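Structural characterization, general
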Amino acid sequence: MVFVTILDENDNAPVFVQLVYEATFREGPATAGSVMLTVRATDQDQGLNGTVLYHIAAGNVDSTFYINKTTGTVVTLRELDYEVSHGRYTLIITATDQCPNPSHRLQSSATVLVNVIDVNDVTPTFPRSFEGPFDITEGQPGPRVWTLRAQDEDSGPNGQVEYSIVSGDPQNEFVISPVEGELRVRRDAELDRENIAFYNITVQAKDLGMPARSSTVVVSVRVLDINDNDPILLNLPMNTSVSEGVPVSTSVSRVLAFDGDSGRNALLTFNITAGNTDNAFYINETTGVVLVNRPLDRERVSEYRLTVTVKDNPENPRIARRDSDSLLISVSDENDNRPLFTEPSYLAQIAENSPAGTPVSMLNGPILARDNDLGPNAVVTYRLLGSRLDLFTVDSRRGVVSVRGGAILDRETLSDPRLELVLIAEDVGQLNSSAALSITVLDENDNRPVFNPAVLSVRLRENSPAGVVVTQVSASDADSGANGWLTYRIEGGAQDRFVMDSSSGVLLVGNAMLDREERDSYRLIVVASDQGTPPLSGTATLSVVLEDLNDSRPEFLIPVQTVNIDESTPPGAVIAQVTATDRDLRPRLEYYIIEIQARDDTNSPVAGQQDVFGIDFHSGAVFVRSPLNRELVATFDITISVHDNASDVIEQSVSVPNGKIIANRTVDFEQVQWLNFTVRAQDQGAPPRFAELPVFLQIIDINDNNPVFSQPSYQVGSDLIRVQAVDADVGNNSLIVYRILAIRYIKLQSNDSEDVGNVFIIGETDGIVRTFDLFTAYKPGYFVVDVLASDLAGHSDTTTLGIYILRDDQRVKIVINEIPERVRQFQEEFINLLSNITGAIVNTDDVQFHVDKKGRVNFAQTDMLIHVVNKQTNRILDVERVIQMIDENMEQLRNLFRNYNVLDVQPAVSGRAPDDLTTLQMAIIILAVLLFLAAMLFIFMNWYYRTVHKRKLKAIVSGSTGNQGFMDILDMPNTNKYSFEGANPVWLDPYCRNLELAAQAEHEDDLPENLSDITDLWNSPARTHGTFGREPQASKPEDDRYLRAAIQEYDNIAKLGQIMREGPIKGSLLNVVLDDYLRLKKLFAARLVTKSTSNGDQSSVTELIQSDLDEDEEEERSPGRGGTLRFKHKLPVEFKGPDGIHTVHGSTGTLLTSDLNSLPEDDQKALVRSLEALHSESGPYSERNARTESAKSTPLHKAKEGISGISGSPLEITEL
């Protein structure tokens, strides 16, 4: 047996029992030094080749593990860290045999997995403990600040970090994402730098382990400014003051402002934006100091309310912010103004006898002087200067002028009741001013009327008729005005025998009979009363002694006497004494027996007894003349008559017995003027006998009635009025005198009234109110005139007259379909009905023919002009209100208007001119404008026609002198847009028409008497302007047909002017046409003379007719003929025109003249040369001129070339 020892070769590698080993541990300090696990590997080799050593080839992080080389035990040298191993250690362990030859050593490997269970042992860690600062612009919602990251090596929840803000965000304006760690401003919040400009926000990172671990970081946030804050004025509004006398650049105040922004956004500038009148102040833009810019005047501007604006200055000026507020600067006063009176002069009045201290009544006051200064500087003191300081004084503080103590104001003692004083107003600085003060001392009724003399005696014949002037008493009153206006009356003693005119003091005989026998004298007490309040009066004694007239019948003392006598009474015996008396003075009575009736016992008459008794002529003693016989005559009835022979004119006698008629009651003349009754005289016999006598008794009027106005008040418009009062008395008793008592003017706006002067007067007898004043100065209102009507006895009545200032635009026009005469018949009735319906006062101003709006008169209709016055306010109603009132009462007025044929109611005038322009002024202005326009139109038309006419004349005559002829004309520039090249249709186009007219002229021997019958005149090119644009007929350059056509046209123009002399063509325009026409004719005559002489024509220069035109063309074709012109003679015709007799051409009607001296001098030279040639070839010019149509001598100017043969003799020429 062989033991073969086989030597081992290291041909087997170690082999681990398992390729992967795995162990799990919780991390932490407890794992340090712990045996993790043991690995084992086998090697089939022997010896050293089979000896295995272990080694950690990889994955031993931080040398955390150690392995026993021989045993393969893995031990932890330090604690396991999940964060380092990331949850697992992966160890690569190699097993290597120990072959002696290292190069032949074999090895194998196994993996050891050490799973580390995480323990929350790592704190989240921020990279830095401070982040920032980060710039965030304020005012932006939700901007991102920064994203924070904290590291936590733990795993799972232990390694999950959540972020939160733990401090530094007092207003909770930031938010951080808990997972992402994004720090931002909240979306619902905006940072405000002015609130918090810098943030240090502490952010915490905390894991989710148990227990949790955390760490913090400080995030710095710097808020960037935006211009989001208005500047704020800190000390405004503010009141300050500055003296008006401070110099310029004086500091007044400083304006302070604050802006919460920063940088440029907080850079402030100041400005005054309003209230700086006249730039009185300025402000420093940067400091805000307000300074005086110019001198101040408190009296002109007492305070300045400045608007101060402050604004910031961001980079973008458009987003600048502002703040404004007021700075009130009061200008304090300095005494730099003198007191000034409110009026340059003052008018005052005061009643005389006013006690001391009575203030005067100011008419344009009160007296006031204003000092524009303030405070003590504005205190004004007053004083008076003048000659009558003894009467008045002025309150030094109030300026009230009053009667000085102890002064007596007696107007009658003053030489002038208007006292002139000077007011002085003075301030504390002695600055003063003055004003005139005129004080009128008003009259008071303190003086009684005084008669001079106070006792007066006059003599008056008795039986003086009513109205006879007895005397005139006169009294004087020292007062003035109404206080001195006296009225007279009889206080007593007149017994209705006398009346007195109240205004004149004339004493008149009344209606009662003045019978001296009844009363021989009257002692009248005459009273003169003034019109003062209360009225004062004075008296006088007036004795009226009646002078006797033989107006009384003698009266028997015993009308019936019975005497018993014996029949034996002897003749001559006085049987009775008849006595009569006569109330006249110094009567001469004579007694007569006018009848003796003798009766017997049977009462039968006994004849023959007339001479039985006689009577003494002077004494009235009745005596027996012859013996008595009782048996024959039983009784005698003797009728005795007594006569008063004191007057040879009037014989009064009385018989016995007589009767007297006595009135039992008062008879009113105004009721009964005549009483007719019968008086019966009856005796006492049986049976009684009687006789009847009819009596016609006339009642004589006495002045026992007051005058009564026909209307209690009158309304007057633009036309004044006549007032009328009626006195029921007759004769002088009904004589009425009118007088105006007072005139007041009432303003409509304020109802204020004022007494005005003698604006109106009234006729004393006719009652017509008149005025001599213009009312343009019066504001809207009306006059109230109190009118008194009185008779001679002083009986009176008053009425009120309302006089309105009536404008035309206050009148209403009522259009009536009737003629004015018919309207005037029912005018009063119509107006009364209209007044009753409208409730207003309707006054008629005028009745006239109807005029429509175009000024046309309709003679079948009538315009009734009225104005309406409100009864309550006495105002004239406006036209609109009147028409509205009529519309409101249309239902009631419809029948009225229908009955009186009213067609329309409209304003009297269509429009009203401004108050500052009267109708006359407006008419003058309109007339001036129309005249100006007419003048401008006249000038323009003259210029236009003169320009056109001169242009035509230039075209016509351009070739009329000289020999160039038609070529010159063709070279004229075109003057019409319808012309063809080389033509001038201003004169060329009428040529075609005038060829026909010239042909007709040959057959017209005479012109019609009426030039308007010339048809070619009205159809000529001068009127119709022809038809332009036609080709001209072929003609030779030397042919004058165009010129003749032009002359024909001007002939027509002349005829047109002749015919229309009395029409629209007058003045300078007509002169232009005729003057140019005559000048052209003269030039044409010269041309014809030149042409005639140059061709050897021996005929007279008469008329160029149409036949020449035809011969001209033949002459053109016949070179042997030299262009001879043939003329035909026709007699001229005379016509009577407005300027006398005119001579016109026999065929063309051309107006002829011979005033060649009106030719220009050059033209006259040309004509002289032509006539010279004609004279040299054809003999004396005077012989040829014998056949001319109108031979009129025309002295030409001497030719400067010295042609003596022509200049010495008169020349004659026919004008065509």
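Note that the coordinates shown come from a computational prediction; the quantities given were computed from them, not determined experimentally.

A word on the sheet that holds strand β11 (residues 144-147)
Read from one edge of the open sheet, three strands run β11-β14-β13, paired in antiparallel fashion. Lying at the two open borders of the sheet, with one neighbouring strand each, are β11 and β13 (174-176). Averaged over all neighbouring strand pairs, the angle between strand axes comes to 15°, with direction disregarded. Inspection of the sheet shows β11 paired to strand β14 (residues 182-185) by three bridges, in the antiparallel sense. Within β14, the residue paired with threonine 147 across the bridge is glutamate 182.

Regarding the packing of helix α3 (residues 879-888) against helix α4 (residues 890-899)
Contact geometry for α3 and α4: axes closest at 6 Å, N-to-C directions at 90°. It follows from the interaxial angle that α3 and α4 lie roughly perpendicular. When α3 is examined against α4, the residues Ile886, Asp887 and Glu888 are found in contact with a partner set consisting of Met890, Leu893 and Phe897.

Focus: the packing of helix α2 (residues 820-838) against α4
Running from N to C, α2 and α4 point in directions that differ by 175°, and their axes come no closer than 10 Å. By the angle class used here, α2 and α4 are roughly antiparallel. Along its contact with α2, which presents Phe830, Leu833, Leu834 and Ile837, the element α4 presents Gln892, Leu893, Leu896 and Phe897. Class assignment of the residues belonging to the contact of α2 with α4 gives a composition of seven nonpolar, one polar and no charged.

With respect to the nonpolar core
Grouped together as the largest cluster of nonpolar side chains are 26 residues, with contacts concentrated most on Phe341, Phe392, Val401, Leu423, Leu437 and Ile439. Apart from residues no more than four positions distant in its own chain, leucine 437 is found in contact with Tyr346, Ala348, Met362, Ile367, Leu384, Val401, Leu419, Glu420, Leu421 and Leu423. Counting 25 residues, the second-largest nonpolar core is a separate cluster that includes Phe826, Ile831, Ile866 and Val902.

Comments concerning a nonpolar patch on the surface
Taken together, Ile925, Ile926, Val929, Leu930, Phe932, Leu933, Met936, Phe938 and Ile939 make up a surface patch of nonpolar side chains, about 880 Å² in accessible area. Its location among the elements puts isoleucine 926 in helix α5 (residues 919-957).

Describing the pattern of salt bridges
Across all of its chains, the model carries 27 salt bridges by this definition. Here aspartate 278 makes a salt bridge to arginine 300, at a shortest N to O gap of 2.4 Å. Of this pair, aspartate 278 sits in the loop between β21 (268-274) and β22 (281-283) while arginine 300 sits in the loop between β23 (289-292) and β24 (303-312), and the two are 22 residues apart along the sequence. Its salt-bridge partner being lysine 813, residue aspartate 863 comes within 3.8 Å of it at the nearest N-O pair.

Thoughts on α3
Taken residue by residue, α3 has Val879, Val882, Met885 and Ile886 as its buried positions. Buried residues of α3, viewed axially, fall in a sector of 125°; they line one side. Counted as exposed and oriented over 90 degrees from the buried face of α3: Glu880 and Glu888. Elements in contact with the buried residues of α3: β64 (812-816), α2, β66 (857-869), α4 and β67 (902-907).

Description of the environment of aspartate 446
One can find aspartate 446 in the loop between β34 (432-442) and β35 (450-451). When the C-alpha positions of aspartate 446 and arginine 411 are compared, they lie 9.8 Å apart, and in sequence the two are 35 residues distant. When near neighbours in sequence (up to four residues on either side) are disregarded, aspartate 446 contacts Glu352, Asn353, Asp410, Glu412, Asp479 and Leu536.

Observations concerning the packing of aromatic side chains
Taken as a whole and judged by the stated rule, the model has 21 aromatic pairs. Ring geometry for phenylalanine 760 and phenylalanine 783: centres 5.1 Å apart, planes at 85°, overall edge-to-face. Of this pair, phenylalanine 760 sits in strand β60 (residues 760-762) while phenylalanine 783 sits in strand β62 (residues 781-791), and the two are 23 residues apart along the sequence. Classification of phenylalanine 760 by relative accessible area gives buried; the value is 2%. Pairing phenylalanine 830 with tyrosine 900 gives two aromatic rings, centres 5.3 Å apart and planes at 70°, and the pair type is edge-to-face. Remark: tyrosine 900 occurs in the loop between α4 and β67 and phenylalanine 830 occurs in helix α2; sequence separation between them is 70 residues. Taking the relative accessible area as the measure of exposure, phenylalanine 830 reaches 0% and is therefore buried. For tyrosine 900, a relative accessible area of 11% gives the class buried. Taken together, the ring pairs connect Phe826, Phe830, Phe897 and Tyr900 into an aromatic cluster.

About the thresholds
- Residues numbered from 1 in each chain as written.
- Predicted model: local features only at pLDDT ≥ 70, side-chain atom pairs only at ≥ 80, totals over all residues.
- Heavy atoms only, no water.
- Pairing = 2+ DSSP bridges.
- Helix = DSSP H or I, 4+ residues; strand = E, 2+ residues; numbered from the N terminus.
- Axes fitted to C-alpha atoms, helices over the stretch in contact; angles between N-to-C directions.
- Parallel < 35°, antiparallel > 145°, perpendicular 65-115°, else oblique.
- Contact = heavy atoms within 4.5 Å.
- Nonpolar A, V, L, I, M, F, W, Y, C, P; charged D, E, K, R; others polar.
- Core = buried A, V, L, I, M, F, W, Y, C linked by side-chain atoms within 4.5 Å.
- Buried < 20%, exposed > 50% of the residue type's maximum accessible area, 1.4 Å probe, protein only.
- Patch = residues over 30% accessible without salt bridge, like charges linked within 9 Å, V, L, I, M, F, W, Y side chains within 5 Å.
- Areas by Shrake-Rupley, 256 points an atom, 1.4 Å probe, with all protein chains shown as cover.
- Salt bridge = Lys/Arg side-chain N within 4 Å of Asp/Glu carboxyl O.
- Arc of directions from axis to C-beta.
- Phe/Tyr/Trp six-rings, centres within 6.5 Å; stacked < 30°, edge-to-face > 60°.

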